[in-house]
Amino acid sequence: QVQLVESGGGLVQAGGSLRLSCAASGSFFSINTMGWYRQATGKQRELVASITSYGSTNYADSVKGRFTISRDNAKNSVYLQMNSLKPEDTAVYYCNADIVRYRGLRPVNYWGQGTQVTVSS
(Lines give C-alpha, C1' and ligand atoms only; values in the text may rest on other atoms or scores of the structure.)
Protein backbone atom coordinates (compact mmCIF):
# COMPACT_ATOMS: atom_id res chain seq x y z
CA GLN A 1 0.00 0.00 0.00
CA VAL A 2 2.62 2.50 -1.09
CA GLN A 3 1.60 5.45 -3.22
CA LEU A 4 3.34 8.47 -4.69
CA VAL A 5 1.06 11.50 -4.85
CA GLU A 6 2.07 14.44 -7.03
CA SER A 7 0.95 18.05 -7.13
CA GLY A 8 1.99 21.38 -8.58
CA GLY A 9 1.61 20.90 -12.31
CA GLY A 10 -0.18 23.39 -14.49
CA LEU A 11 0.07 25.96 -17.24
CA VAL A 12 2.75 28.63 -17.15
CA GLN A 13 4.24 31.10 -19.60
CA ALA A 14 7.78 30.76 -20.88
CA GLY A 15 10.22 32.16 -18.35
CA GLY A 16 7.94 31.36 -15.45
CA SER A 17 8.29 28.92 -12.59
CA LEU A 18 6.52 25.92 -11.12
CA ARG A 19 7.19 23.77 -8.09
CA LEU A 20 6.27 20.10 -8.21
CA SER A 21 5.76 18.07 -5.06
CA CYS A 22 5.57 14.34 -4.49
CA ALA A 23 4.83 12.59 -1.22
CA ALA A 24 5.14 8.90 -0.50
CA SER A 25 2.41 7.43 1.66
CA GLY A 26 1.73 4.02 3.11
CA SER A 27 3.85 1.56 5.03
CA PHE A 28 7.54 1.13 4.24
CA PHE A 29 10.93 0.90 5.89
CA SER A 30 12.87 3.53 3.99
CA ILE A 31 13.12 5.46 0.72
CA ASN A 32 16.31 5.41 -1.29
CA THR A 33 16.69 7.44 -4.47
CA MET A 34 13.80 9.65 -5.56
CA GLY A 35 13.50 11.37 -8.89
CA TRP A 36 11.48 13.12 -11.52
CA TYR A 37 10.96 11.90 -15.07
CA ARG A 38 9.08 13.49 -17.92
CA GLN A 39 7.53 12.35 -21.15
CA ALA A 40 6.55 14.70 -23.93
CA THR A 41 4.01 13.66 -26.53
CA GLY A 42 5.61 11.35 -29.06
CA LYS A 43 8.87 11.08 -27.14
CA GLN A 44 10.43 8.61 -24.73
CA ARG A 45 10.36 9.11 -21.00
CA GLU A 46 13.54 10.71 -19.71
CA LEU A 47 15.14 11.34 -16.35
CA VAL A 48 14.95 14.98 -15.33
CA ALA A 49 16.57 14.87 -11.91
CA SER A 50 17.24 12.47 -9.07
CA ILE A 51 18.35 12.71 -5.47
CA THR A 52 19.69 10.07 -3.12
CA SER A 53 18.68 9.61 0.49
CA TYR A 54 21.74 11.57 1.57
CA GLY A 55 21.28 14.45 -0.86
CA SER A 56 23.44 13.65 -3.88
CA THR A 57 21.76 15.04 -7.01
CA ASN A 58 21.81 14.33 -10.72
CA TYR A 59 20.29 16.43 -13.52
CA ALA A 60 19.64 16.10 -17.20
CA ASP A 61 21.84 18.49 -19.16
CA SER A 62 18.78 20.25 -20.54
CA VAL A 63 17.64 21.42 -17.09
CA LYS A 64 20.91 22.13 -15.31
CA GLY A 65 20.93 25.61 -13.84
CA ARG A 66 17.17 25.94 -14.17
CA PHE A 67 15.70 23.09 -12.10
CA THR A 68 16.48 22.13 -8.52
CA ILE A 69 15.53 18.86 -6.89
CA SER A 70 15.26 18.55 -3.13
CA ARG A 71 13.72 16.26 -0.56
CA ASP A 72 12.38 16.28 2.96
CA ASN A 73 13.02 12.89 4.50
CA ALA A 74 10.82 13.65 7.50
CA LYS A 75 7.90 14.18 5.13
CA ASN A 76 8.85 11.40 2.69
CA SER A 77 8.65 14.00 -0.04
CA VAL A 78 10.61 15.14 -3.06
CA TYR A 79 10.29 18.47 -4.85
CA LEU A 80 11.26 19.92 -8.21
CA GLN A 81 11.64 23.67 -8.44
CA MET A 82 11.46 24.61 -12.11
CA ASN A 83 12.59 28.09 -13.11
CA SER A 84 13.08 29.78 -16.48
CA LEU A 85 10.68 27.33 -18.05
CA LYS A 86 10.76 26.79 -21.80
CA PRO A 87 8.12 25.42 -24.16
CA GLU A 88 10.29 22.34 -24.64
CA ASP A 89 9.79 21.56 -20.94
CA THR A 90 6.16 20.76 -21.71
CA ALA A 91 5.52 17.16 -20.71
CA VAL A 92 3.87 14.88 -18.22
CA TYR A 93 6.12 14.78 -15.17
CA TYR A 94 6.31 11.59 -13.12
CA CYS A 95 7.55 11.11 -9.60
CA ASN A 96 9.67 8.01 -9.03
CA ALA A 97 11.09 6.39 -5.91
CA ASP A 98 12.99 3.31 -4.83
CA ILE A 99 11.34 2.17 -1.62
CA VAL A 100 12.41 -0.52 0.82
CA ARG A 101 9.13 -1.91 2.08
CA TYR A 102 10.64 -4.12 4.81
CA ARG A 103 14.07 -4.25 6.40
CA GLY A 104 16.37 -6.56 4.48
CA LEU A 105 14.44 -6.54 1.19
CA ARG A 106 15.65 -4.97 -2.02
CA PRO A 107 14.08 -1.67 -3.05
CA VAL A 108 10.94 -1.67 -5.15
CA ASN A 109 10.46 1.03 -7.78
CA TYR A 110 7.26 3.09 -7.64
CA TRP A 111 5.74 5.65 -9.99
CA GLY A 112 3.31 8.47 -9.45
CA GLN A 113 0.37 9.00 -11.80
CA GLY A 114 1.98 11.97 -13.51
CA THR A 115 1.16 15.65 -13.62
CA GLN A 116 0.92 17.80 -16.74
CA VAL A 117 3.25 20.75 -17.13
CA THR A 118 2.52 23.02 -20.07
CA VAL A 119 4.75 25.96 -20.94
CA SER A 120 3.30 28.40 -23.44
CA SER A 121 5.29 30.73 -25.66
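Owing to the predicted nature of the structure, the values given are computational and were not obtained by experimental measurement. (Residues numbered from 1 in each chain as written. Predicted model: local features only at pLDDT ≥ 70, side-chain atom pairs only at ≥ 80, totals over all residues. Heavy atoms only, no water.)

### A short note on the pairing of strand β9 (residues 91-100)
Next up, step 1: Of all the ten residues making up β9, eight are buried; the element is thus mostly covered by neighbouring parts of the structure.
Next up, step 2: In the sheet, strand β4 (residues 30-39) pairs with β9 via eight bridges, with the strands oriented antiparallel. Counterpart to tryptophan 36 in the pairing with β9 is cysteine 95.
Next up, step 3: Here β9 runs beside strand β10 (residues 108-111); their pairing, made up of four bridges, is antiparallel. Among the inter-strand pairings, asparagine 96 is bridged to a residue of β10, identified as tryptophan 111. (Buried < 20%, exposed > 50% of the residue type's maximum accessible area, 1.4 Å probe, protein only. Helix = DSSP H or I, 4+ residues; strand = E, 2+ residues; numbered from the N terminus. Pairing = 2+ DSSP bridges.)

### Examining the pairing of strand β7 (residues 67-72)
Next up, step 1: Residues of β7 alternate between two faces, with Phe67, Ile69 and Arg71 buried on one and Thr68, Ser70 and Asp72 left unburied on the opposite face.
Next up, step 2: Sheet topology places β7 next to strand β8 (residues 77-82); six bridges connect them, and they run antiparallel. In the sheet register, serine 70 faces β8, and the bridge partner there is tyrosine 79.
Next up, step 3: Between β7 and the antiparallel strand that follows it, β8, lie four residues; asparagine 76 among them carries a positive phi value of about 55°.

### Concerning the packing of aromatic side chains
Next up, step 1: For the structure shown, the criterion picks out two aromatic pairs.
Next up, step 2: Measuring from centroid to centroid gives 4.9 Å for tyrosine 37 and tryptophan 111, while their planes differ by 65°, and the two rings are edge-to-face. Remark: tryptophan 111 occurs in strand β10 and tyrosine 37 occurs in strand β4; sequence separation between them is 74 residues.
Next up, step 3: According to the relative accessible area criterion, tryptophan 111 is partly exposed, its value standing at 35%.
Next up, step 4: Between tyrosine 94 and tryptophan 111 the ring centres are 6.3 Å apart and the planes differ by 90°, which places this aromatic pair in the edge-to-face class. With tyrosine 94 in strand β9 and tryptophan 111 in strand β10, the pair connects residues that are 17 residues apart, well separated along the chain.
Next up, step 5: For tyrosine 94, a relative accessible area of 15% corresponds to the buried category.
Next up, step 6: The ring of tyrosine 94 carries the charged tip of arginine 45 above its face, separated from the ring centre by 3.8 Å.
Next up, step 7: Geometry around tryptophan 111 places arginine 45 over its ring, the cationic atom sitting 4.7 Å from the centre. (Phe/Tyr/Trp six-rings, centres within 6.5 Å; stacked < 30°, edge-to-face > 60°. Lys NZ or Arg CZ within 6 Å of the ring centre and 35° of its normal.)

### Notes on the pattern of salt bridges
Opposite charge on two side chains lets them pair, provided their charged atoms get close.
Next up, step 1: A complete count under the given rule lists four salt bridges for this structure.
Next up, step 2: For arginine 66, the salt bridge is made with aspartate 89, and the minimal N-O distance between the two is 2.8 Å. Of this pair, arginine 66 sits in the loop between β6 (57-59) and β7 while aspartate 89 sits in the loop between β8 and β9, placing them 23 residues apart in sequence. The two residues arginine 66 and aspartate 89 agree in class, both being buried.
Next up, step 3: Salt bridges sharing partners connect three or more residues here, namely Arg38, Glu46, Arg66 and Asp89. (Salt bridge = Lys/Arg side-chain N within 4 Å of Asp/Glu carboxyl O.)

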